[in-house]
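Structural overview
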Amino acid sequence: MTNSIHVAVLDADVPCLSVYKERGLYSSQFRTLLQAAATRLNQNADTTLQHGPLAVHITAFDAVGRTLPPLHSLRNSPKTTTEPHAGGPLGLIDAILITGSASSAYEDLPWIHELQAFIQIVHADYPHVKIFGSCFGHQIIAQALLSKDQTSPESSFHVLHDQAGFEMGIQPISLDPEFTARFPPLARASQLNPFRIQLVHGDRVAPTPEAVAAASAAGKSDVSLPAPWCNIGSSAQCAIQGLYNPGRVLTYQGHFEFDTFVNGELSQEFGRRANWPVEIVAGYLELINRSLVPGLEDDDDSKAAAEAVLLFFAGKDLKGQGVGLALPGSGLLTPPLG
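We now turn to the structure provided with this report. Model, not experiment: these values are computed from the prediction.

Cut-offs applied
- Residues numbered from 1 in each chain as written.
- Predicted model: local features only at pLDDT ≥ 70, side-chain atom pairs only at ≥ 80, totals over all residues.
- Heavy atoms only, no water.
- Buried < 20%, exposed > 50% of the residue type's maximum accessible area, 1.4 Å probe, protein only.
- Helix = DSSP H or I, 4+ residues; strand = E, 2+ residues; numbered from the N terminus.
- Pairing = 2+ DSSP bridges.
- Expected span 1.5 Å × (residues − 1).
- Arc of directions from axis to C-beta.
- Axes fitted to C-alpha atoms, helices over the stretch in contact; angles between N-to-C directions.
- Parallel < 35°, antiparallel > 145°, perpendicular 65-115°, else oblique.
- Left-handed = near helix turned anticlockwise from the far one by under 90°.
- Contact = heavy atoms within 4.5 Å.
- Nonpolar A, V, L, I, M, F, W, Y, C, P; charged D, E, K, R; others polar.

Let's talk about the pairing of strand 13 (residues 249-252)
Judged by which residues are buried, strand 13 turns out to be covered on both faces: V249 and T251 on one side and L250 and Y252 on the other are all buried. As paired elements, strand 4 (residues 130-134) and strand 13 share 4 bridges and run parallel to each other. Paired with I131 across the bridge in strand 13 is V249. Where strand 12 (residues 243-245) lies against strand 13, 2 bridges are found, and the strand directions are antiparallel. Its bridge partner lying in strand 13, N245 is registered against V249. The turn linking strand 12 back onto strand 13 is made up of 3 residues, and G247 within it adopts a positive phi angle of 80°.

Digging into helix 2 (residues 26-43)
Owing to its 3.6 residues per turn, the α-helix brings residues three or four apart onto one side. Helix length check: helix 2, at 18 residues, gives a terminal C-alpha distance of 26 Å against a target of 26 Å (1.5 Å per residue), a fit within 8%. Those residues of helix 2 not exposed but buried are Y26, S27, Q29, F30, L34, A37, A38 and L41. The buried residues of helix 2 all sit within an arc of 165° when viewed along its axis, so they share a single face. Exposed residues lying more than 90 degrees from the buried face of helix 2 are T32 and Q43.

Examining the packing of helix 7 (residues 260-274) against helix 8 (residues 278-288)
For any two helices packed against each other, the geometry is given by the interaxial angle and the distance between the axes. Where helix 7 contacts helix 8, the two axes come as close as 10 Å, and the packing angle between them is 165°. Judged on the interaxial angle alone, helix 8 and helix 7 are roughly antiparallel. As for how helix 7 packs across helix 8, the hand of that crossing is right-handed. Only V281, L285 and I288 of helix 8 make contact with helix 7, whose side of the interface consists of T260, N263, G264, S267, Q268 and G271. Residue composition of the contact of helix 7 with helix 8, by class: 3 nonpolar, 6 polar and no charged.

Focus on the sheet that holds strand 3 (residues 95-98)
The strand order 2-1-3-4-13-12-10 describes an open sheet built from 7 strands, whose pairing is mixed. Of all the strands in the sheet, the pair left with one neighbour each is strand 2 (54-62) and strand 10 (230-231). In this sheet, strand 4 lies alongside strand 3 in parallel orientation, the contact comprising 4 bridges. In the sheet register, I98 faces strand 4, and the bridge partner there is G133. Sheet strands in contact with helix 3 (residues 110-125) are strand 1 (3-11), strand 3, strand 4, strand 12 and strand 13, and its direction is about 155° off that of strand 3. Contacting strand 1, strand 2, strand 3, strand 4, strand 12 and strand 13, helix 9 (residues 302-313) runs over the sheet at an angle of about 165° to strand 13.

What follows is the structure in structure tokens.
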């Protein structure tokens, strides 16, 4: 029997015209990549899929147009193998995926406020629905679930403009081994072999000033995430490259859905809008093209990242692949964020 996963993709922006003509909406790009990831996982003899082969069904929602999944469409109990259309296109929604956006999570816009409230409702009231976010999605999830209104001021986080400027293209990301241990496709990532997916962001998630002050007053050099959350890894410029709450939430600051073409086109469009100097755009394109292999697929970790997201949606991060892994509350490390 097929293990069908119904994913609601919330489009938080539209691509520039050149990308849209080639690849469609971001929700369409995620559909293509997640379905390809399912095919690879189903063909991998090392992947034990307890409830049968994986299948992915995508329903797109226009978050900017304030069209979000109705709450009655969300899964509110564990999936069974006998329910009709289990996770399929006519079934309940198993996962929420929030795309990237040129907007900032802290902007005072009605659709952003409504999206943040929706994330909070899903997380609080629908524990069987997984939540994933990419870039802007990562940031608004952090803002919705890790702000001082949701956690104690001593361990609260927010989204802010990065004074260092844009982090762009392929940058080495060191992933936490405690995190990669739950996701076999990411096992190759190490200090000597860092994780590589496309980046394009000018905002970042960081501890609030109040949290930093509280940590300093307590003699601590770092602000920890509230258990069982952890930081998946860091780059030289961005200390929090993603967030993970086992079985509930996963985010990437980067874009596994972008390749050199998409990120290059978007970066040039951002340059036109913001009137970036030609040499700045050229420098960004050089960073983006670090993974380019002419005539072949990009040399990056986008496929492994997509497979990890799909295994997360399928609940395999808790069940493992025949390996005994720590469960929430049993010692998953929360690494320093400094």
